[in-house]
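Below are the chains, spelled out letter by letter.
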Amino acid sequence: MVDSVGSKAARATKWSFLTQVISKLISPVTTLVLAHILAPEVFGIIALVTMVTSFADMFSDAGFQKYLIQHEYDSERHYHLSCDVAFWTNMAVSFILWGAIILVRNPLASMLGDPTIGLAIVVACASLPLTSATSVQTAVYQRRFDFKTLFYSRVGSSLLILVVSVPLAIAGIGYWSMIIGTISSNLLLAVWLTICSTWKPSFRYSFSELKAMLSFSVWTLVEQFSIWITNWIGAFILGSMMSTYYLGLYNTSVSLVNAIVAIITGAVNPIIFATLSRFQNDLPKFKKSFFYVQKCLAITVVPVAVAIFLFSDMLVDLYLGSQWLEAATFLGLYALASSLVVVFGHVCSNAYRSAGKPAYSLISQIIFLAFLVPSYIIGAKEGFTVFSLIVPAARLLGCLTSHLVICKFLMQLSPMQMITNLRWVYLFALIIGVPNYILIDMCDINYIAQALLLIVDIAAYVILCNSINDTRSLMYDLLERMGVGKISAILSKQKFMIGKH
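Because the structure is a prediction, the values reported are computed rather than measured.

S.K.: Please explain the packing of helix α4 (residues 76-103) against helix α7 (residues 128-143) as it appears in this structure.
M.R.: The axes of two packed helices give the description: the angle between them and the distance between them. The interhelical angle for the contact between α4 and α7, taken along N-to-C directions, is 160 degrees, at an axis separation of 8 Å. Here α4 lies roughly antiparallel to α7, going by the angle between them. Our pair here, α4 against α7, has a crossing hand that is right-handed. Here Tyr79, Cys83, Ala86, Phe87, Asn90, Met91, Ser94, Phe95, Leu97 and Trp98 of α4 come into contact with α7, specifically with Leu128, Pro129, Ser132, Ala133, Ser135, Val136, Ala139, Val140 and Arg143. Across the contact of α4 with α7, the residue classes tally to 14 nonpolar, 4 polar and 1 charged.

S.K.: Hey, could you run me through the nonpolar core in this one?
M.R.: Inside soluble globular proteins, nonpolar side chains tend to come together where they are buried. Within the largest apolar cluster, 116 residues are counted, with the highest numbers of intra-cluster contacts made by Ile121 and Tyr250. Among the elements that take part in this core, helix α14 (residues 328-354) stands out by supplying 14 residues, more than any other. When neighbours within four sequence positions are excluded, Tyr250 is seen to be in contact with Asn231, Gly234, Ala235, Leu238, Phe330, Tyr376, Phe384 and Phe387. Met91, Val136, Leu210 and Met213 belong to the second largest nonpolar core, which has 20 residues in total.

S.K.: When you look at the packing of aromatic side chains in this model, what are you seeing that I'm missing?
M.R.: Given two aromatic rings, one states the distance between the centres and the angle between the planes to describe the pair. Per the counting criterion, the structure on display carries 26 aromatic pairs. Their ring planes at 85 degrees and their centres at 4.9 Å tell us that Phe87 and Trp88 sit as a pair that is edge-to-face. Accessibility expressed as a relative area gives 28% for Trp88, which makes it partly exposed. With a centroid separation of 6.4 Å and an interplanar angle of 10 degrees, the aromatic rings of Phe225 and Trp228 are classed as stacked. On the criterion of helical spacing, the pair formed by Phe225 and Trp228 is a turn pair, its members being 3 residues apart in helix α10 (residues 207-241). Using a relative accessible area of 16% as the deciding quantity, one classes Trp228 as buried. Ring-pair connections join several aromatic residues into one group, and the members of that group are Tyr245, Tyr246, Tyr250, Phe330, Tyr334, Tyr376, Phe384 and Phe387. In this structure, Arg143 is placed above the aromatic ring of Tyr79, and the distance from its NZ or CZ to the ring centre is 5.0 Å. Lying across the ring of Phe409, Lys408 places its NZ or CZ 5.7 Å from the centre.

Here is what the cut-offs are and how they apply
Residues numbered from 1 in each chain as written. Predicted model: local features only at pLDDT ≥ 70, side-chain atom pairs only at ≥ 80, totals over all residues. Heavy atoms only, no water. Axes fitted to C-alpha atoms, helices over the stretch in contact; angles between N-to-C directions. Helix = DSSP H or I, 4+ residues; strand = E, 2+ residues; numbered from the N terminus. Parallel < 35°, antiparallel > 145°, perpendicular 65-115°, else oblique. Left-handed = near helix turned anticlockwise from the far one by under 90°. Contact = heavy atoms within 4.5 Å. Nonpolar A, V, L, I, M, F, W, Y, C, P; charged D, E, K, R; others polar. Core = buried A, V, L, I, M, F, W, Y, C linked by side-chain atoms within 4.5 Å. Buried < 20%, exposed > 50% of the residue type's maximum accessible area, 1.4 Å probe, protein only. Phe/Tyr/Trp six-rings, centres within 6.5 Å; stacked < 30°, edge-to-face > 60°. Lys NZ or Arg CZ within 6 Å of the ring centre and 35° of its normal.

Structural measurements only, silent on function.
In structure tokens:
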């Protein structure tokens, strides 16, 4: 079974990586075009609308997706029954929530700080039944490690947003262009996954099965609620205490960093959960997989975050436009903090859920929020400059405090082993990052020179990784899993040895 899971995970990694790279590249391209057409205030309004739809969507899923991936079934018929129960429950909840939002749309819009967006919220929530159907089908594909189908469907739906939203934005309909594009994308994804799936919904239901599923999913749902609060509390506080302009700066910066980082994390996270779930009763293999995945994320996410921090002014100016430059400091510091949140927070949260301990993830989110909420309030009161400094620092401290404590005392995962496991990655980041920061800060370097410096930094990082046995073997393994083994073969001929480590 171990070999089977390992081989499936290896094949899945390539398709999952391709899915995230291409679909997440399409998303920034869409943002790039729209940011030059629409004002930051429009992105602030979209943030408020998305806050509501994501909240409702979380409850419409009811936490069943992770249950369908993780639970061990005694037969295929039993598994399909669970899928049917999840599908019809999700559908019922999504329509109930949509109806409730229609009734309270105007008070809800006023509470969010913009009384004019009630209709926009209602229309955007048309996606709820679509994402409910997609949630179950995605679980079916992930459980079977069928990331190839997910690749084509996600890329197609991402392209549709670009094709629909950009012409509508050019036509001058503002935030409606993004709402219509999202609904179109969700519709395509739901239809595509359903048609290609080996499982189709049937008219079966079992309350006893629902009860069994809720016994697991209720913790997952509570955990998802805490994650939703973590993701959106900043937008809510800024929407209440500052203008939609600053909300647009904040949310677009967060979305841009998340989109870049998600190229890597989005490819790995589903496979982390599916793989660790199969090893939940085998602690040695569970630990081995955990530390391997953590190092894989670190060797890719950390240098990307450092590059965003170093070249944040250039990235914002060229990518979003000069009207967004006030967001550059926050963007860079948020990227640095996010790299540690991903390497420690995301991997540890997946480990908790995979081991059947979603309550641990909830505890970590509560501790995280205890750091985060005060920073948002203080930052919003003091202005966006202070906000840009204090919020990333709170994210960093909150993440490390919560997860390292839980891992040490509840999960038998040593924080010291994590630090030792990742030492070379962070050392290489410092070796490259510190001189670059001093050079860029002290000298007035134009964007062409910064672009050339970035290329040199990438080459230097690859050389450093290739110089240590530990990071070199990991880098080659990642390239092989991504289906670009020829690159690893070329690099293997150029071994810059510092010594055997």
